[in-house]
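Each chain, written out:
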Amino acid sequence: MSTATATDAEPAAKPGRKKLYLILGVVGLVLALGGGATVYLLKKKAADAAVEAGAEEEGGQPPAKARSRSKGTEATPQFVPLDMFTVNLADREAERYAQVGITLQIEDPKVAEQIKLFMPVIRNNILMAIADKTAAELMDRQGKDRLANEVRRETSRALGHPVPRADAPAEPGRKQRDPEAALPIQAVHFSSFIIQ
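Residues numbered from 1 in each chain as written. Predicted model: local features only at pLDDT ≥ 70, side-chain atom pairs only at ≥ 80, totals over all residues. Heavy atoms only, no water.

Participant: I'd like to hear about the packing of helix α3 (residues 109-117) against helix α4 (residues 119-131), residue by residue, with values.
Facilitator: Here α3 crosses α4 at 80 degrees, and the two axes come no closer than 5 Å. One element, α3, and the other, α4, form an angle in the roughly perpendicular class. Where α3 approaches α4, its residues Ile-115, Lys-116 and Leu-117 are matched on the opposing element by Met-119, Pro-120 and Ile-122. (Axes fitted to C-alpha atoms, helices over the stretch in contact; angles between N-to-C directions. Helix = DSSP H or I, 4+ residues; strand = E, 2+ residues; numbered from the N terminus. Parallel < 35°, antiparallel > 145°, perpendicular 65-115°, else oblique. Contact = heavy atoms within 4.5 Å.)

In structure tokens:
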């Protein structure tokens, strides 16, 4: 009888060891994943700091993505659609007009509130910028890109930001920083562009 009792006790001990090994394996996996995530985040933070420091040494501002990370949050762009613009163009040989839908891309939600407050001035500046163009100037992609840049500058000017003229000469002997990098409007997107 003593042999039967010893044999019955051995199988009962094996399932307990399996559970122990399973628990130790899960704990080891969790620790390994946590350590890997910590190393990844530390390296990412160090790389962002290096990019920011490199840009400051060059006298410029760090890229927008690096600036937003340094603030502690990943900035999500916001889009502010404007009402449709219908404008007579500057063509002299025929009556031509453009119907343009514009959406402004911004990073700071406070700018969206400013845009609402200054909407009459913004619309006026954009209408004037479009009315100065001819149909030929707006037909190709470069013309649309130039218009988008001009709309960005005119909108920023309406919000009270100093924007130098695009054709202003550079000061000799002075390192030029891109003044447009600090504009509140990040980009201008066309949602509709019809010329007739």
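What follows continues from the structure just given.
Participant: For the side chain of Thr-103, give the residues involved together with the corresponding values.
Facilitator: With respect to the helices and strands, the residue Thr-103 is situated in strand β3 (residues 97-106). Owing to a relative accessible area of 15%, Thr-103 belongs among the buried residues under this scheme. Leave out the neighbours within four places in its chain, and Thr-103 touches Phe-79, Val-80, Pro-81, Ala-187, Val-188, His-189 and Ser-191. (Buried < 20%, exposed > 50% of the residue type's maximum accessible area, 1.4 Å probe, protein only.)

Participant: Pulling in residues and values, what's your account of the packing of aromatic side chains?
Facilitator: Counting across every chain of the model gives 1 aromatic pair. Their ring planes at 85 degrees and their centres at 5.1 Å tell us that Phe-190 and Phe-193 sit as a pair that is edge-to-face. According to the relative accessible area criterion, Phe-190 is partly exposed, its value standing at 27%. In this arrangement the basic side chain of Arg-123 is found over the ring face of Phe-85, its NZ or CZ atom lying 4.2 Å from the centre. (Phe/Tyr/Trp six-rings, centres within 6.5 Å; stacked < 30°, edge-to-face > 60°. Lys NZ or Arg CZ within 6 Å of the ring centre and 35° of its normal.)

Participant: So, the pairing of β3: which residues are in play, and what are the values?
Facilitator: For β3, the tally of buried residues reaches 8 of 10 residues, placing the bulk of the element in the interior. As judged from the 4 bridges shared by strand β1 (residues 78-81) and β3, these two strands associate in the antiparallel manner. Note that in β3 the partner of Pro-81 across the bridge is Thr-103. Direction of pairing for strand β2 (residues 85-88) relative to β3: antiparallel, over a ladder of 4 bridges. Following the sheet pairing, Phe-85 is matched in β3 by Val-100. Bridging between β3 and strand β4 (residues 185-195) involves 9 bridges; their strand directions are antiparallel. Looking at β4, one finds that Thr-103 is bridged to His-189. (Pairing = 2+ DSSP bridges.)

Keep in mind these values describe shape, not function.
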